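Residues per chain are reported as follows:
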Amino acid sequence: MGSTVIKNGTVVTADLTYKADVKIEGEVIVDIGPNLSGDAVIDATGCYIMPGGIDPHTHLEMPFMGTYSTDDFESGTRAALSGGTTMVVDFCLPSPGQSLLEALQMWDNKSGKASADYSFHMAITWWDEQVWREMDEVVKRGITSFKHFMAYKGALMVNDDELFASFQRCADLGALPLVHAENGDVVAAMTAKLLAEGNNGPEAHAYSRPPEVEGEATNRAIMIADMAGVPLYVVHVSSEQAHEAIRRARQKGMRVYGEPLVQHLTLDDSEYANPDWDHAAGRVMSPPFRNKLHQDSLWAGLQSGSLSVVATDHCAFTIAQKRHGIGDFSKIPNGTGGLEDRLAVLWSRGVNTGRLTMNEFVAVTSTNIAKILNLYPKKGAVLVGADADLVVWDPARKKTVSAATQQSAIDYNVFEGFELTGLPRFVLTRGQVAVIENEMHHQSGHGKFVAREAKNPVNQALSQWKDIVAPRKVQRSGIPASGV
Ligand code: URP
Ligand code: ZN
Ligand code: ZN
Ligand code: ZN
């Protein structure tokens, strides 16, 4: 087995920055230090050697709103690798009434063509004793996080009793519940009202889901998780109202993680005012883009640590798919792309502006996710024994984002025209060089499913505490005779 050494670079991790060579044998890192030698050399002069990005929130080839998201595990993981993301965590989505295990089989079939490693979250889209039972088997198969939609009424939404039952089951299994936090009842009512008033354009999508619907649902999910004694992960946090709920919970000691998206950090609600219907509809996603005050709040959350992770919620639809919603915004498939550009956009708008340090960048794009999802240090680390999922990052390389040159299979890019400085020079997936600047050397089928263990330390600590404070019957002597 030949070895490879990445030479002349600076290792940047979530907590350290230092000059060192990194040696790889097979799929793993075997040495880190000065003057290493190997059979092949990768030159990292002027570059940073960082853990590959992990995107914890993608929807590849997902059936949704009458169609399928266009990027599948082939184009999606290719797009990911091209931008330095070496692992994705995708959502396995049983249709209401469908067995979780049957849905898992479908996702297993789709993911065989992945060129980067992947894991799954399992969505809880309905509830009964079968779902309760199958959750145990899902965890045994290495899927230890369960997603709940508090929006999409009449389709994927679950109610509070179902949320509480599922969160309690997660607590028992040592799993992590995730929520899409928007009040689906209020969104449905506001949507009907807007449409009745003739407000049917893509901008009305944003009017139908103001920050309050997100803040309310985030608070509700946090309280329900606290009662169930389980940690909570809130996906696509887009507003100060939701962030405030998370911030307050964390100050009280609750184990709540918030995930803003790179789109919400860098694109605002003025996109929906664009006179071009296709442009505005291409930005329709839930929650919608917000104004600058919300964006500032999200950046502050990443800086202070009240928000933990930056994802994309990559759910890419073509313009033709978006046009299903002409005349009725509620039929525009919800979702945007971002997987390919997440790292470079966050670097340009975050590190190059001084909002984030390089180490914070690594933390929020890779290491924190790996820790929360119990993947660390196999993923998210530059350490001996870790998978050689690495990005050699050239802080001087530039590009202007353009759909014409992207790997993603859709026909536009929400970051079109963004001028970026800081891009991958090399990307390695489990030791294989998959990207050299603009050249793709990825291999469809190279990506492997990564199983995860349940009962991480945070789950254990919460269960221990919950047990201590559990309701206990008061033992009494001399009980008075009943009746008067
Ligand atoms: O609009 C979005 N976010 N589409 C993807 C599905 C979801 O809600 O995460
Ligand atoms: Zn969502
Ligand atoms: Zn999503
Ligand atoms: Zn080549």
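Residues numbered from 1 in each chain as written. Chains lettered and ligands numbered in written order. Predicted model: local features only at pLDDT ≥ 70, side-chain atom pairs only at ≥ 80, totals over all residues.

1. Some words on the site of ligand 1
Rule in force here: Residue proximity rests on one test: whether the C-beta atom, placed from the backbone, lies within 6 Å of the molecule or strand. Amino acids are sorted into nonpolar (Ala, Val, Leu, Ile, Met, Phe, Trp, Tyr, Cys and Pro), charged (Asp, Glu, Lys and Arg) and polar (every other residue, Gly among them).
Surveying the vicinity of ligand 1 reveals the residues His59, His180, His236, Met285, Ser286, Asp313, Cys315, Asn334 and Gly335. Of the residues that constitute the shell around ligand 1, the class distribution is 2 nonpolar, 6 polar and 1 charged.

2. Considerations on the pairing of strand β5 (residues 28-33)
Selection rule: Strand pairing is defined by DSSP finding a minimum of two bridges between the two strands. By definition, any uninterrupted DSSP run of H or I lasting at least four residues is a helix, any uninterrupted run of E lasting at least two residues is a strand, and each is numbered from the N terminus.
As paired elements, strand β4 (residues 21-25) and β5 share 5 bridges and run antiparallel to each other. The partner of lysine 23 across the bridge, within β5, is aspartate 31. In sequence, β4 turns back onto β5 through a hairpin of 2 residues, with glycine 26 there showing a positive phi of about 60°.

3. Some words on the confidence of the model for the protein chain
Rule in force here: One number per residue, pLDDT, summarises how confident the predictor is, and it ranges from 0 to 100.
Within the protein chain, residue pLDDT values average 97, and 100% of them lie at 70 or more. Both scores are given for the predicted complex: the pTM is 0.97, the ipTM 0.93.

4. Some thoughts on helix α8 (residues 240-251)
The condition is simple: What a helix is expected to span follows from its residue count: subtract one and scale by 1.5 Å. The exposure scheme places C-beta atoms from the backbone and then counts, for each residue, the other C-beta atoms within 10 Å of its own, assigning buried at 20 or more, exposed at 12 or fewer, and partly exposed in between. Note on contacts: residues are paired as contacts if their backbone-placed C-beta atoms lie within 7 Å.
Taking 1.5 Å per residue as the helical rise, α8 with its 12 residues ought to reach 16 Å, and the 16 Å between its terminal C-alpha atoms agrees with that figure. For α8, a buried count of 9 out of 12 residues is recorded, marking the element as mostly surrounded by other parts of the structure. Taken residue by residue, α8 has Glu240, Gln241, Ala242, His243, Ala245, Ile246, Arg247, Ala249 and Arg250 as its buried positions. In this fold, the buried residues of α8 make contact with α7 (211-228), β15 (232-234), β16 (256-258) and α11 (292-304). Positive backbone phi, at 95°, marks glycine 253, one or two positions downstream of α8.

5. Digging into the sheet that holds strand β3 (residues 17-19)
Convention followed: Throughout, an axis means a line fitted to C-alpha atoms (over the contacting stretch in the case of helices), and angles, computed between N-to-C directions, take values from 0 to 180 degrees.
Strand order in the open sheet formed by 7 strands is β3-β2-β7-β17-β18-β19-β20, with mixed pairing between adjacent strands. Both outer strands of the open sheet, β3 and β20 (439-440), are each paired with one neighbouring strand and no more. By the bridge criterion, 8 bridges tie strand β17 (residues 390-400) to strand β18 (residues 419-429) in an arrangement that is antiparallel. Note on β18: the bridge partner recorded for threonine 400 is glutamate 419. Sheet strands touched by helix α14 (residues 358-372): β2 (10-12), β3 and β7 (48-51). Its angle to β7, the strand with the most contacts, is close to 30°.

6. Re the nonpolar core
Applicable threshold: Nonpolar cores are built from buried Ala, Val, Leu, Ile, Met, Phe, Trp, Tyr and Cys residues. These are joined into a set through C-beta atoms within 7 Å.
Core analysis: the largest hydrophobic core is formed by 131 residues, its most contacted members being Ile49, Ala221, Leu232, Val234 and Val392. The next biggest cluster of nonpolar side chains, apart from the first, holds 9 residues, and it includes Ala204, Tyr272, Met285 and Ile332.

7. A few points about α7
For an α-helix, 3.6 residues make a turn, and residues three or four places apart therefore share a direction. Here α7 is 18 residues long and its end C-alpha atoms lie 26 Å apart, about the 26 Å a rise of 1.5 Å per residue gives. Regarding α7, the residues found buried are Pro211, Val213, Glu214, Gly215, Ala217, Thr218, Ala221, Ile222, Ile224, Ala225, Asp226 and Ala228. With its phi angle positive at about 75°, glycine 229 sits one or two positions after the end of α7.

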